[in-house]
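Structural overview
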Amino acid sequence: MSSGRPTIKDIARVTGVSVATVSRALRDLPYVAPETRSRVVEAAAELQYEAHPQASRLVSGRTWTIGVVAPLFGTWFPFRALGGINSVFAGAGYDVLISMMTAPGDRRRFLQDARSFCRRVDGLVLIDTFVSLEGGSADAFFDRPAVAVGERLDGASSITIDNRAAARRAVEHLIELGHTRIGLVAGPPLPDLPTPVPEQRRIGYEDALRAAGLPVDPDLAVRGEWTASGGAAALSSLFDLTDPPTAVFCMSDEMAFGVMRAAARRGLAVPEDLSVVGFDDHDLAGAMGLTTMRQAVDEMGVRAAATVLGLIDGEPPTDITWEVPLIVRETTSTLG
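Scope of this entry: the structure provided in the associated data block.

To continue, consider the sheet that holds strand β2 (residues 95-100). Overall, parallel pairing links the six strands, which are arranged β2-β1-β3-β4-β5-β11 in an open sheet. Edge positions in the sheet fall to β2 and β11 (319-321), since each has one partner strand and no second. Neighbour to neighbour, the strand axes of the sheet diverge by 15° on average, direction disregarded. One ladder, built from three bridges, connects strand β4 (residues 146-149) with strand β5 (residues 157-160); its direction is parallel. Within β5, the residue paired with V149 across the bridge is I159. Here helix α5 (residues 76-91) sits on the sheet and contacts β1 (65-70), β2, β3 (123-127) and β4; the angle it forms with β3, its principal contact strand, is near 160°. Helix-sheet contacts for helix α14 (residues 297-312) involve β1, β3, β4, β5 and β11, and the interaxial angle to β4 is about 160°.

In structure tokens form, the structure reads like this:
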């Protein structure tokens, strides 16, 4: 034991757990096993430990801060993920340091200066940053435990979905309902953010058509912004065709909302005249009756945060593929 006043480092040594676990146990915070908490409390009593303001930060050398990085927190996915992430870190006694990549060049500048940012945090959650597309690993950019949400990244834990399989399931649902002319409202690449997601979902759309023996008609695939207005514009292009679709798969729910609004303006009823499937299960999807592929983003955020805490405590990296179920509501029906 160190000379003088006992510290949480002494308790960690006696109990054989990390300093972070000792701190959480003594503050009665979550993510500590009951038997571990009991052992820590007993050791603290035996050592006559008394908490001192800011002692855990000073003794452990930790910042008790987690960095969260995302392209734009104002969009639905990262905003919802942040809610789940923050709920875990707040309960575990960590602060959250946010880095947003909103302007051209922000992503590149962040990666170039990542190690400086990492000195201010104990761990990282990376939301749709796609570091893997730079040809490096987590170790090449960061020197802290990291969890990547939305991509696989060597040296980091990851939480991803199978975008290709999920898109295929969405289109298969429409085919099962008898639709053979199925439009695709595809999201364009985002400025300054390389992402494979639109391409993966397009391939899934084509997979379903080919598996059913249906032609892949390039005229039925229209790009629009990842917004309701983008979806509305795409629907107008599709229905200017001589032979418009009877169903549409949209790469996001917000685009699907725009498709539904544009359809109503043309006097088309959903789903009688046009079946619509989205992707995400946005907060408004239930109210709009939208059939969609559900990303449980809040739950993914909770898992990402809990995983970072585990990495800080020395657990090995893990890769999780999150299930994306089809949620059938009122915007899809049989053809005719």
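Next comes the rest of the description.
This part takes up the packing of aromatic side chains. The full count for this structure, using the stated rule, is five aromatic pairs. With a centroid separation of 6.1 Å and 45° between ring planes, the pair formed by F141 and F142 is classed as tilted. Members of the aromatic cluster, each reached through a chain of ring pairs, are F110, F117, F141 and F142. Positioned above the aromatic ring of F279, the side-chain terminus of R201 is 3.7 Å from the ring centre.

Our next topic: the environment of R62. When you line up the elements, R62 lands in the loop between α4 (55-60) and β1. Taking the C-alpha atoms as reference points, R62 and V19, 43 residues apart in sequence, are found 9.3 Å from one another.

The next thing to look at is the pattern of salt bridges. Counted under the stated rule, the structure contains 21 salt bridges. A salt bridge links R144 to D143; its shortest N-O distance comes to 3.3 Å. D319 is paired through a salt bridge with R152; the nearest N and O atoms lie 3.9 Å apart. With D319 in strand β11 and R152 in the loop between β4 and β5, the pair connects residues that are 167 residues apart, well separated along the chain. The partly exposed category is assigned to R152, whose relative accessible area is 38%. Ionic contacts of the salt-bridge type, sharing partners, join the residues R168, R169, E172 and E176 into one network.

Here we come to the environment of F110. Note on placement: F110 falls in helix α6 (residues 106-112). Classification of F110 as buried rests on a relative accessible area of 9%. Counting along the chain gives 33 residues from F110 to D143, while the straight-line C-alpha distance between them is 14 Å. Once residues lying within four places of it in the same chain are set aside, the contact partners of F110 are V69, S99, M101, F117 and F142.

What follows is about the sheet that holds strand β9 (residues 275-280). The mixed open sheet is built from six strands, whose spatial order is β7-β6-β8-β9-β10-β12. What marks the edges here is a single partner per strand, and that holds for β7 (221-223) and β12 (326-327). Across two bridges, the pairing between strand β10 (residues 291-294) and β12 is antiparallel. Counterpart to T292 in the pairing with β12 is I327. Contacting β6 (182-186), β8 (247-250), β9, β10 and β12, helix α9 (residues 163-176) crosses the sheet at an angle of about 160° to β9.

For any two helices packed against each other, the geometry comes down to the angle between their axes and how far apart the axes lie. The N-to-C vectors of helix α1 (residues 8-15) and helix α2 (residues 19-26) enclose an angle of 105°; their axes lie 9 Å apart at closest approach. Considering their axes alone, α1 and α2 lie roughly perpendicular with respect to each other. Contacts between α1 and α2 involve I8, K9, I11, A12 and T15 from the former and V19, V22, S23 and L26 from the latter. Looking at side-chain class alone, the contact of α1 with α2 contains six nonpolar, two polar and one charged residues.

Bringing unusual backbone geometry into the picture now. The omega torsion across V270 and P271 is 15°, close enough to zero to call that bond cis. Checked against the element boundaries, P271 lands in the loop between α12 (253-265) and β9. Its identity as a non-glycine residue notwithstanding, D128 has a phi of 50°, on the positive side. The class for D128 is partly exposed, based on a relative accessible area of 21%.

Attention now moves to the nonpolar core. Grouped together as the largest cluster of nonpolar side chains are 71 residues, with contacts concentrated most on F89, Y94, V125, I127 and F249. When residues of this core are assigned to their parent elements, the largest contribution, eight residues, is made by α14. Every residue in contact with Y94, bar those within four places of it in the chain, is listed here: A20, R24, W64, T65, I66, F89, D122, L309 and I312. With 18 residues, the next largest nonpolar core counts F110, L111, L124 and F142 among its residues.

Cut-offs and rules
- Residues numbered from 1 in each chain as written.
- Predicted model: local features only at pLDDT ≥ 70, side-chain atom pairs only at ≥ 80, totals over all residues.
- Heavy atoms only, no water.
- Pairing = 2+ DSSP bridges.
- Helix = DSSP H or I, 4+ residues; strand = E, 2+ residues; numbered from the N terminus.
- Axes fitted to C-alpha atoms, helices over the stretch in contact; angles between N-to-C directions.
- Contact = heavy atoms within 4.5 Å.
- Phe/Tyr/Trp six-rings, centres within 6.5 Å; stacked < 30°, edge-to-face > 60°.
- Lys NZ or Arg CZ within 6 Å of the ring centre and 35° of its normal.
- Salt bridge = Lys/Arg side-chain N within 4 Å of Asp/Glu carboxyl O.
- Buried < 20%, exposed > 50% of the residue type's maximum accessible area, 1.4 Å probe, protein only.
- Parallel < 35°, antiparallel > 145°, perpendicular 65-115°, else oblique.
- Nonpolar A, V, L, I, M, F, W, Y, C, P; charged D, E, K, R; others polar.
- Core = buried A, V, L, I, M, F, W, Y, C linked by side-chain atoms within 4.5 Å.

Keep in mind these numbers describe shape, not what the thing actually does.
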